[in-house]
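Read off the chains here:
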Amino acid sequence: MTDSYSDHFIVCGYGRVGRQVSRDLRRHDAQIVVVDQNPMHREAARVDGVVYIEGQASDDEVLIQAGIARASAVIACVDSDAENIFIALSARELNSTIRVIARASADDAEHKLIRAVPTT
C-alpha cells in the first residue's frame, strides 16, 4: 500500500507522542505511515486508520518499505533519544533531502540531533 504514497509522513513510534503527531497530521489530510516495533501498537494504528509497519524504524529496509524515497518527512518520536538520533541519521542517509523532525528528551540529545542532521 505504501507504494502509492508520495509526499507522506513517516511517523516512527506510535506511543503517546506518535499518536498525537499522527492525529495532528490526519487533521490536515496528510498521508501517514507508522513504523513501530511494538506489536501492541498495531491495533491502535488500525483503529486510527493509519498504515502500520511493524519493525525497527532505524532499519534501512523498514524505512525503504515505508517509502522514504518519496516521503515528505520522517518524524522520530520513539522513547529513546539514542534511537531517535539513529533514525534521523538513517533517514538522511537514505534520502538526503528529506525533512527530519525528531523528539529529544534531554538537552544533550537535542544538540546531538542538530549536529547529526543539520538543516539545509
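Details of the structure are given in the entry above.
Description of the structure in this document. (Residues numbered from 1 in each chain as written. Predicted model: local features only at pLDDT ≥ 70, side-chain atom pairs only at ≥ 80, totals over all residues. Heavy atoms only, no water.)

### Considerations on helix 1 (residues 16-27)
Now for step 1: With 12 residues, helix 1 extends 17 Å from end C-alpha to end C-alpha; this agrees with the ideal 16 Å at 1.5 Å per step.
Now for step 2: Along helix 1, the positions that sit buried rather than exposed are G18, S22 and L25. What you see down the axis of helix 1 is that its buried residues fit within an arc of 65°, all on one side. In helix 1, the exposed positions that point more than 90 degrees away from the buried face belong to R16 and R27.
Now for step 3: Against the buried residues of helix 1 lie strand 1 (9-12), strand 2 (32-36) and strand 4 (73-76).
Now for step 4: Two residues or fewer after helix 1 comes D29, characterised by a positive phi angle close to 60°. (Helix = DSSP H or I, 4+ residues; strand = E, 2+ residues; numbered from the N terminus. Expected span 1.5 Å × (residues − 1). Buried < 20%, exposed > 50% of the residue type's maximum accessible area, 1.4 Å probe, protein only. Arc of directions from axis to C-beta. Contact = heavy atoms within 4.5 Å.)

### What to know about the side chain of S58
Now for step 1: Turning to its location among the elements, S58 is positioned in the loop between strand 3 (51-54) and helix 3 (60-65).
Now for step 2: The buried category is assigned to S58, whose relative accessible area is 6%.
Now for step 3: Residues contacting S58, with those up to four places away along its chain left out, are E83, F86, I87 and S90.

### Observations concerning the sheet that holds strand 4
Now for step 1: With parallel pairing, 5 strands are arranged side by side in an open sheet as 3-2-1-4-5. Each of the sheet's edge strands pairs with one partner strand only, and the pair in question is strand 3 and strand 5 (99-102). Averaged over all adjacent pairs, the angle separating strand axes in this sheet is 20°, with direction ignored.
Now for step 2: Here strand 4 pairs with strand 5 via 4 bridges, running parallel. Bridge pairing in strand 5 places A76 opposite A102.
Now for step 3: Sheet strands in contact with helix 1 are strand 1, strand 2 and strand 4, and its direction is about 160° off that of strand 1. (Pairing = 2+ DSSP bridges. Axes fitted to C-alpha atoms, helices over the stretch in contact; angles between N-to-C directions.)

### Focus on the side chain of N84
Now for step 1: Along the polypeptide, N84 turns up in helix 4 (residues 81-94).
Now for step 2: Given a relative accessible area of 0%, N84 falls into the buried group.
Now for step 3: When residues no more than four places from it in sequence are discounted, the contact partners of N84 are A76, C77, V78, R103 and L113.

### Observations regarding the environment of I10
Now for step 1: Relative to the helices and strands, I10 resides in strand 1.
Now for step 2: With 53 residues separating them along the chain, I10 and L63 place their C-alpha atoms 8.3 Å apart.

### Focus on the environment of R99
Now for step 1: For R99, the location among the structural elements is in strand 5.
Now for step 2: Taking the C-alpha atoms as reference points, R99 and K112, 13 residues apart in sequence, are found 17 Å from one another.
Now for step 3: Setting aside anything within four residues of it in sequence, one finds R99 in contact with F9, S72, A73 and V74.
Now for step 4: Of note is the side chain of R99, whose polar atom sits 2.4 Å from the side chain of S72. (Polar contact = N/O pair within 3.5 Å; in protein donor to acceptor, adjacent residues only side chain to side chain.)

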